[in-house]
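Residue-level structure breakdown
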Amino acid sequence: MTEDHLARLLGEGIHPVTGAKLGKRFPSLQPPRERIAARVARLDPGLRGEARAEAVLERRPVTERRPVLERSSDSALDPDAA
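Every chain begins its residue count from 1, and numbering advances along the sequence as written. Per-residue local features are limited, in this predicted model, to residues with pLDDT of at least 70; the limit for side-chain atom pairs, both in listing and counting, is 80 or more; totals at the level of whole chains, interfaces and linings are taken over all residues. The side-chain figures draw on all heavy atoms in the structure; neither hydrogens nor water molecules are used.

A tally of helices and strands in the chain yields three helices and zero strands. Whether a residue is buried, partly exposed or exposed follows from its accessible area with a 1.4 Å probe, protein chains only, as a fraction of its type maximum: under 20%, in between, or over 50%, in that order. For the chain, buried positions account for 18% of its 82 residues. Every accessible area reported is derived by Shrake-Rupley at a probe size of 1.4 Å, with residue values counting cover from the shown protein chains alone. Looking at the chain as shown, the accessible area adds up to about 6600 Å², and 53% of this sits on carbon and sulfur atoms. Helix numbering and strand numbering both begin at the N terminus, where a helix is a DSSP run of H or I of at least 4 residues and a strand a DSSP run of E of at least 2.

Structural data, given as structure tokens:
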């Protein structure tokens, strides 16, 4: 099996030699950073301080959850940040 074969099979979901479609097309997902940013953008704009920090923290993947208040550069805490 060549690199092209693997790209067809694993990357595109098609038979590596014939090019025939294998089942359903793979879903295209947003990168985690974009999904999290979209969730944070939907937060209540009136949410401030610790309540906002907790809400932002809950929307992050478990593997990335650490105290948000310690990271003052996190623009998710400031809805007015550009």
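So, about the nonpolar core. Ranked by size, the top nonpolar core spans five residues in total: I36, V40, L43, A55 and V56. Contributing elements (two or more residues each) for this core: helix 2 (32-41) and helix 3 (49-58). Side-chain atoms within 4.5 Å link the members of a nonpolar core, which is a set of buried Ala, Val, Leu, Ile, Met, Phe, Trp, Tyr and Cys residues.

A few words now on helix 3. Here helix 3 has its buried residues at R52, A53, A55, V56 and L57. Contact between two residues is taken to exist if any of their heavy atoms lie within 4.5 Å; hydrogens are not considered. Contact partners of the buried residues in helix 3: helix 2.

Next up on the list: the environment of R39. Positionally, R39 belongs in helix 2. For the pair R39 and A55, spaced 16 residues apart in sequence, the C-alpha separation works out to 9.8 Å. At a separation of 3.1 Å, a polar atom in the side chain of R39 contacts the main-chain carbonyl oxygen of R59. The term polar contact refers here to a pair of N or O atoms within 3.5 Å; inside protein, the definition further demands a hydrogen-donor-capable atom paired with an acceptor-capable atom, and it admits residues adjacent in sequence only when both atoms are side-chain atoms.

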